[in-house]
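Here is what each chain is made of, one letter per residue.
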Amino acid sequence: MRGLLLDASRCVGCGACLAACAEQNGLPEPCGTELTARQFTVLRKVVGRKGEVYYRRLCMHCLDPACASACPVGALKKTPEGPVVYDASICMGCRYCIQACPFDVPRYDWNSLTPRLGKCTFCAQRLSSGGLTACAEVCPTGASTCGEREALLKEARARLAAEPGRYLPRIYGEHEVGGTSVLYLSPVPFRVLGLPENLPLEPLPQFTGRALSQIPPLVGAAGLALAGLWWLTGRKQEVARSENRKPADRGSR
Amino acid sequence: MMRLKTLFWRLVALAILAAGSYATLVRFTRGLGAATNLSDRAPWGLWIGFDVLCGVGLAAGGFAITTAVYVLHLEHWRPVVRPAVLTAFLGYLLVVVALIYDLGRPWNIWRPVVLWNPRSVMFEVAWCVMLYTTVLAVEFAPVAFDRLGWERASRACRAAIVPLAAAGCILSTLHQSSLGSLYLILPGKLHPLWYSPWLPWLFWLSALAAGLAMVIFESGMSSRAFGRALEMDILDQLAKAMVVLLGLFLFLRFWDLGSRGQLAAALRFGGPGGQQTVMFWLETVLLAAPALLALPAGVRRDPRRLFTLATAVVGGFLVHRLNVSITALEAHAGIRYFPSWMEVAVTLMLVTLGVWAFRLAVLHLPVFESARRKRATRTQACYA
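The written sequence of each chain sets the order in which its residues are numbered from 1. Lettering for chains starts from A, numbering for ligands starts from 1, and both go in the order in which the items are written. Residue-level local features of this predicted model are given only where pLDDT is at least 70; pairs of side-chain atoms are given and counted only at 80 or more, and the full residue set underlies all totals for whole chains, interfaces and linings. Water and hydrogen atoms play no part in the side-chain values, which are based on all heavy atoms of the structure.

S.K.: Looking at this structure, I do not really get helix 5 (residues 81-102) of chain B. What am I missing?
M.R.: Because each turn of an α-helix spans 3.6 residues, side chains separated by three or four positions in sequence point in the same direction. Elements are defined by DSSP. Helices are runs of H or I of four residues or more, strands are runs of E of two residues or more, and each kind is numbered from the N terminus. Working rule for helices: expected span equals 1.5 Å times residues minus one. With 22 residues, helix 5 of chain B should cover 32 Å at 1.5 Å per step; its first-to-last C-alpha distance of 31 Å lies within 8% of that length. Extensive coverage of helix 5 of chain B is indicated by the burial of 16 of its 22 residues. Three exposure classes are used, based on accessible area relative to the maximum for each residue type with a 1.4 Å probe and protein chains only: buried under 20%, partly exposed in between, and exposed over 50%.

S.K.: Any chance you could explain the state of the cysteines here in plain terms?
M.R.: Disulfide: a covalent bond formed between the sulfur atoms of two cysteine residues. All names here are of chain A. Note that a disulfide, as used here, is simply two cysteine sulfur atoms within 2.5 Å. Across all of its chains, the model carries zero disulfides over all chains by this definition. The thiol of cysteine 59 is not disulfide-bonded; the next cysteine sulfur, from cysteine 120, is found 5.8 Å away. Its relative accessible area of 8% is what places cysteine 59 among the buried residues. Summary of cysteine pairing: cysteine 62 is not part of a disulfide, and the nearest cysteine sulfur, belonging to cysteine 101, is at 6.4 Å.

S.K.: Is there a simple way to explain the packing of helix 3 (residues 46-58) of chain B against helix 5 of chain B in this structure?
M.R.: How two helices pack is summed up by the angle between their axes together with the distance between the axes. Residue and element names in this part refer to chain B. A fitted line through C-alpha atoms represents every axis, and for helices the fit uses only the stretch in contact; the resulting angles, taken between N-to-C directions, go from 0 to 180 degrees. Contact pair helix 3 / helix 5: the axes reach a minimum separation of 9 Å and the direction vectors enclose 160°. Put simply, helix 3 runs roughly antiparallel to helix 5. In the crossing of helix 3 with helix 5, the sense of the turn from one axis to the other is left-handed. Mapping the contact onto sequence places Trp47, Ile48, Asp51, Val52, Gly55 and Val56 in helix 3 and Tyr92, Val95, Ala98, Leu99, Tyr101 and Asp102 in helix 5. The scheme is simple: roughly parallel for angles under 35 degrees, roughly antiparallel for over 145, roughly perpendicular for 65 to 115, oblique for anything else. For any helix crossing, the convention is left-handed if the near helix is rotated counterclockwise from the far helix by under a right angle, and right-handed if that rotation is clockwise. Any two residues whose heavy atoms approach within 4.5 Å at even a single point are treated as in contact.

S.K.: Whenever I open this one, the interface of chain A and chain B confuses me. Can you help?
M.R.: Interfaces are often sized by the accessible area lost when the parts come together. If you look at the interface, chain A gives 54 residues, while chain B gives 61 residues. Around 4,700 Å² of area is buried between chain A and chain B when both sides are counted, 62% of it from carbon and sulfur atoms. Buried area is understood as the total, over both parts, of accessible area removed when two parts are fitted together, assessed with a 1.4 Å probe. On the chain A side of the contact with chain B, Met92, Gln99 and Trp110 of chain A bury the most area, a combined 17% of that side's loss. In this structure, aspartate 102 of chain B and arginine 95 of chain A form a salt bridge, with 2.9 Å as the shortest nitrogen-oxygen distance. N or O atoms within 3.5 Å of each other form a polar contact, as long as, within protein, one can give a hydrogen and the other can take it, and as long as residues adjacent in sequence are counted only when both atoms are side-chain atoms. At the junction of chain A with chain B, the criterion picks out 32 residue pairs in polar contact (both at pLDDT 80 or more). Elements with a minimum of two residues in the side of chain A that touches chain B: helix 2 (66-70), helix 3 (96-100), strand 6 (107-108), helix 7 (205-213) and helix 8 (215-252) of chain A. The biggest single contributor to the side of chain A that touches chain B is helix 8 of chain A, with eleven residues. Broken down by class, the residue content of the side of chain A that touches chain B amounts to 34 nonpolar, 15 polar and five charged. Any Lys or Arg side-chain nitrogen found within 4 Å of a carboxyl oxygen on Asp or Glu counts as a salt bridge. All amino acids are sorted into three groups, where Ala, Val, Leu, Ile, Met, Phe, Trp, Tyr, Cys and Pro are nonpolar, Asp, Glu, Lys and Arg are charged, and the leftover types, Gly among them, are polar.

S.K.: Teacher, can you tell me more about unusual backbone geometry here?
M.R.: A negative phi angle is the norm for most residues apart from glycine, just as the trans form is the norm for most peptide bonds. Residues and elements named next belong to chain A. Positioned with a positive phi, histidine 61 is a non-glycine residue whose angle comes to about 50°. Along the chain, the position of histidine 61 falls in the loop between strand 3 (51-57) and helix 2. We classify histidine 61 as buried; its relative accessible area is 1%. Positive phi is not limited to glycine here, since valine 177 has a value of about 40°. Along the polypeptide, valine 177 turns up in the loop between helix 6 (149-162) and strand 9 (182-185). When its relative accessible area of 2% is taken as the criterion, valine 177 is described as buried.

S.K.: Would you mind showing me how to read the sheet that holds strand 9 of chain A here?
M.R.: Across a sheet, paired strands are connected by hydrogen bonds in the backbone, their directions being either parallel or antiparallel. All names here are of chain A. Taken in spatial order, the three strands make up an open sheet running 8-1-9, and their pairing is mixed. Strand pairing shows two members of the sheet lacking a second neighbour, strand 8 (144-148) and strand 9, which therefore form its edges. Sheet twist, expressed as the average angle between the axes of neighbouring strands with direction ignored, equals 25°. Pairing between two strands is assigned when DSSP locates at least 2 bridges connecting them. Across five bridges, strand 1 (residues 2-7) lies against strand 8 in antiparallel orientation. The residue bridging leucine 5 from the neighbouring strand is threonine 145, located in strand 8.

S.K.: How should the nonpolar core be read in this particular structure?
M.R.: Grouped burial of nonpolar side chains is what soluble globular proteins tend to show. Only buried residues count toward a nonpolar core, which is a set of Ala, Val, Leu, Ile, Met, Phe, Trp, Tyr and Cys residues joined through side-chain atoms within 4.5 Å. Ranked by internal contacts, the top residues of the largest apolar core, which has 188 residues, are Tyr184 of chain A together with Ile65 and Tyr183 of chain B. Here the element with the most residues in this core is helix 9 (residues 199-226) of chain B; it accounts for 14 residues. Once residues lying within four places of it in the same chain are set aside, the contact partners of tyrosine 183 of chain B are Tyr96 of chain A together with Trp44, Leu53, Leu190, Tyr195, Leu199, Val324, Ser325 and Leu329 of chain B. Counting residues in each nonpolar core, the second largest holds nine residues, with Leu152, Ala156, Leu160 and Leu183 of chain A among its members.

S.K.: Mind showing me how you'd approach the side chain of arginine 149 of chain A here?
M.R.: Inspection of the secondary structure assignment puts arginine 149 of chain A in helix 6. Think of it this way: Lys and Arg go in the positive column, Asp and Glu in the negative one, and His and the chain ends go nowhere. Here arginine 149 of chain A occupies a buried position and makes no salt bridge, while the nearest side chain of opposite charge, glutamate 150 of chain A, is found at 4.3 Å.

S.K.: Help me out: how do you make sense of the pairing of strand 2 (residues 42-48) of chain A in this one?
M.R.: Here strand 2 of chain A runs beside strand 3 of chain A; their pairing, made up of seven bridges, is antiparallel. The residue bridging valine 46 of chain A from the neighbouring strand is valine 53 of chain A, located in strand 3 of chain A.

That's the geometry; what it means functionally is another story.
This is how it looks when you write it as structure tokens:
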């Protein structure tokens, strides 16, 4: 399982990653600091006490992605190599994935008549042929590192241990919503980077999974209950009818 | 005077159809962005919140009544079966039409039939809606078959009515509750006044209550429109069931808020969550007040007052669904969503078409037949 380690303390904001991403995915020239259906990663700047901090935002490629569990037709899938990939040809465009994403990442082509979901592809093809993501390959400072997720976690822990003053003592994405393939190290609170701090550590699909798992027993129980009630009420009616008839019969005699 | 009023409503309907047709043109030639106020921050709007969530919920009267009559042998509710099934059938057809407007790639609407993702609540809803719309079609078909004189087809449908009604009950229970389950995946996004692990059951209870309210509402409307006598003894019992369901809903709602420690938040009117609190109380009062007011039998047996109360319950239900689908997401999204006039026009057009289809069906098919026949036999019995 591959991952991407983003170290906000190492990023100098050169933007090489943005250009590489656009070129790799055949997207227009990157501009602005908001993700769009045609820009899969953005570079932002915050000014903290220790000076300027540059950071990127992109799809987190959750280990158990809410979007993929939400999609009714499986147009979004987590591949074993790590990427969460999208297949527009089967997508209905219901946009439940956009609702479900805890990081508010997927973007929609609102003005298209054949709209597609836009989000980072994690360079799935490059990864499957053994390569690195386009953004990590061009990064000159090691702010974006692509590799095995386990190795990246080890690397991140090593960086935290080596320079504790440089970072907040936490790897964002290690445990959030069950873990994500994209991991963050940051000198400023993750909230400042727009990464939600109130996320459960449990994968989000389990919240809907609990409700869905009640369905088979519910169907069985409801079926039995309805059959029982149908028989019972029918029988009661029959008895009532025959009892009504009896006194009448007696009366006529 | 009467003719002036009819003329007025005809003109209103025409204006709605014209605006809706224009909006349809824009939606299907220039895309969702041009026709709606939807955005990445508000990916679901009026068409999902009202047309789908409310449309499906208000059609719950169909399965409630058929279950009561065919499974629980509540024979004397039979006169309201046909209008309830017809409303539900038309309601579900309109939901499907609304989905075609709302889906970005509607030509793929059939995909869930072959592409299965059983982990998706949306997948489960899609299947249940598909199957239940079929059930409703078969349940209503005999009315049309009788008219066409297709006796064998009609008899075949009637023979299957008990299992059909039971299947309809199970399918409806599943998707009515699953519309609430859709929102379970948003623990960090949905406002805590609405996010609850009990959402599926809250949706099921409120749909049942509102579905019965809708049957009462519709009886009132059609008695006015078609000069029909009201079945007050049935409506009284429906209202009683509605009160019980509303009581259960409100009990679960407040018990859940208490157990999650959100009761204080429900009383915080100032500050950033003030608007959500107001909307919470609007929905709660619209559902609780009619439940309390309908307790005395005298009120329930007064057609005018019962009609008003049922209307309030339908209103409270609409506010509840729109709160879950729109209000509860605004704080997280950081934007206010308000539908564009074209979204409103399409919704109004669909409602108008639904009312018009109902009217056509009542005028040309024996929808209220069983009631009429029953009254006729009762009158004959009196004379005999």
